[in-house]
Amino acid sequence: MTKIAILSDIHGNMTAFSAVIKDAQAHQADEYWFLGDLFLPGPAATNLWHGLHALSLTHLVKGNWDDDLFWVLDGPVDLAQPTDVYFTRLVAYLWPQLTSDMLKTIRHWPLHDVFEQDGLVISLAHNLPNCNHGHRLYPDQPQTNFDLIAPNQDIDIAIYGHTHQQLLRYTSSGQVILNPGAIGQAYSPRAKLQTTTYADYALLELDNGAITDLNLRQVPYGVAGELAAAREAKLPYLEVYTKLRHTGATSTHDADYLAQFEQTHNYREEVADFLRQRHERH
C-alpha cells in the first residue's frame, strides 16, 4: 500500500505550500507527485525549490508557467503587450535566485509521465499529455476532450492539474481522471465556493490494483502572512498579487488592468533593461 500526496500549481506561494506539506506529513504520505507550475506569481523561489526537493518526490511533470520561464529567457518578448511585460518583470524578479542547475533541471522536466504503481498504470500531465496549456480540460469541456487525457487504454488513472479546480471523473472507457486542485491558487468559478484562504491537494492511497482511499484536501493557510512575505520580498505587481490572494481572480491576461501598473512603477523600462542585459551577456 502506498499513500501519495499529489501536488500541483504552487505558483510561488510558500505559505500555502508549507501548510500542505505539514498536512500531508500529518497524514503520513509515503511519497509525493508534482504536476508543475512551481514559481510565480508569488515571491517564493530558492526556499520553495529546496522545500519541494526535500520531499520524497518520485514523479513530476512540467507546467505551462515552467515553460513560460524559458519563453522569456529565450525570447522574443513584445514590450507593447502588457501581459508580456507582466510576466517578464516577474521573471526578472526571479532571475537572481535561479541557478544554472535549477534552470537546466526545469527545462528537462517531462511533459508526460506514465508508470506503474501498486498494480495500476498511472499517467501524469499538467494538462493534456502533449500540451501543458489551454482550456481543453476545464471542467465544463465536453467528454471528448477528457478522453484525450488517457489515449492509451492501459492507463488506469490519469492525473492532471492546470485548471486549479479539484475534479474526479472518468473517460468514456472508465479510466479515472483526477485533478488535485491548486496549492498556490485554489479556484472556483462559484463565488460561495471560492477558497481564497485554502490550499488544495490530493491524498491518494493505492493497494494491489485498487484505489483504497482518495481525499481531496483543502488546507487553511495564512493569506496575511503570504502577503507580508510578498511585500518584504519587494514582489513586482504587488497590487495584482494582493487582488489574487483576496479574490482568487487571476489577471494574467487582463491587459488593461496590468497596463496601469506599467505606468505607476516603470515596469516596461525595467523589463527593457533586463532583456538588454540578457542579450549583452549572450
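Just so it is clear, the model here is predicted, and its values are computed rather than measured.

## Observations concerning the sheet that holds strand β5 (residues 120-125)
Right, so step 1: The mixed open sheet is built from 5 strands, whose spatial order is β4-β5-β6-β8-β7. Each of the sheet's edge strands pairs with one partner strand only, and the pair in question is β4 (112-117) and β7 (166-170). Across the sheet, the axes of successive neighbouring strands diverge by a mean angle of 20 degrees, strand direction being ignored.
Right, so step 2: In the sheet, β4 pairs with β5 via 6 bridges, with the strands oriented antiparallel. Pairing of E116 across the sheet is with V121, part of β5.

## Describing the nonpolar core
Right, so step 1: Counting 60 residues, the largest nonpolar core has L7, F17, L38, F39, I183 and Y201 as its most contacted members.
Right, so step 2: With 8 residues, helix α4 (residues 82-94) is the single largest residue contributor to this core.
Right, so step 3: The residues touching I183, leaving out its near neighbours within four places in the chain, are L7, S8, D9, I10, A16, F17, V20, A199, D200 and Y201.
Right, so step 4: In terms of nonpolar packing, the next biggest core, distinct from the first, is built from 16 residues, I6, L120, L204 and L206 among them.

## Focus: the environment of I149
Right, so step 1: You can see I149 is positioned in the loop between α6 (143-147) and β6 (157-159).
Right, so step 2: Once you skip the residues sitting within four places of it in the chain, I149 turns out to touch S123, N127, L128, P129, L137, A158, Y160, T171 and I177.

## Thoughts on helix α9 (residues 255-265)
Right, so step 1: Of the positions making up α9, those classed as buried are Y257, L258, F261 and E262. Projected down its long axis, α9 carries its buried residues within an arc of 150 degrees, all on one side. Of the residues in α9, the exposed ones pointing more than 90 degrees away from the buried face are D256 and Q263.
Right, so step 2: Structurally, α9 contributes buried residues whose contacts are with α4, α8 (238-247) and α10 (267-281).
Right, so step 3: Two residues or fewer after α9 comes N266, characterised by a positive phi angle close to 60 degrees.

## Digging into empty space enclosed by the protein
One water molecule sets the probe size; rolling that probe over the atoms shows where empty space is left.
Right, so step 1: Within the structure shown, the criterion is met by 2 cavities of 30 Å³ or more.
Right, so step 2: Along its surface, the largest cavity is lined by G184, Q185, A186, Q194, T195, T196, Y198, Y221, L244, R245 and G248.
Right, so step 3: Residue classes in the lining of the largest cavity are distributed as 4 nonpolar, 6 polar and 1 charged.
Right, so step 4: Size it by volume and the second largest cavity reaches roughly 40 Å³.
Right, so step 5: Lining the second largest cavity we find F39, W65, D66, L69 and I106.
Right, so step 6: The element contributing the most residues to the lining of the second largest cavity is helix α3 (residues 64-74), with 3 residues.
Right, so step 7: Tallied by class, residues from the lining of the second largest cavity come to 4 nonpolar, no polar and 1 charged.

Conventions adopted
Residues numbered from 1 in each chain as written. Predicted model: local features only at pLDDT ≥ 70, side-chain atom pairs only at ≥ 80, totals over all residues. Heavy atoms only, no water. Pairing = 2+ DSSP bridges. Helix = DSSP H or I, 4+ residues; strand = E, 2+ residues; numbered from the N terminus. Axes fitted to C-alpha atoms, helices over the stretch in contact; angles between N-to-C directions. Core = buried A, V, L, I, M, F, W, Y, C linked by side-chain atoms within 4.5 Å. Buried < 20%, exposed > 50% of the residue type's maximum accessible area, 1.4 Å probe, protein only. Contact = heavy atoms within 4.5 Å. Arc of directions from axis to C-beta. 1 Å grid on protein atoms, 1.4 Å probe; cavity = no way out; pocket = protein on both sides within 12 Å on 5 of 7 lines; lining within 4 Å. Points joined across faces, edges and corners; volume = space filled by probe spheres on them. Nonpolar A, V, L, I, M, F, W, Y, C, P; charged D, E, K, R; others polar.

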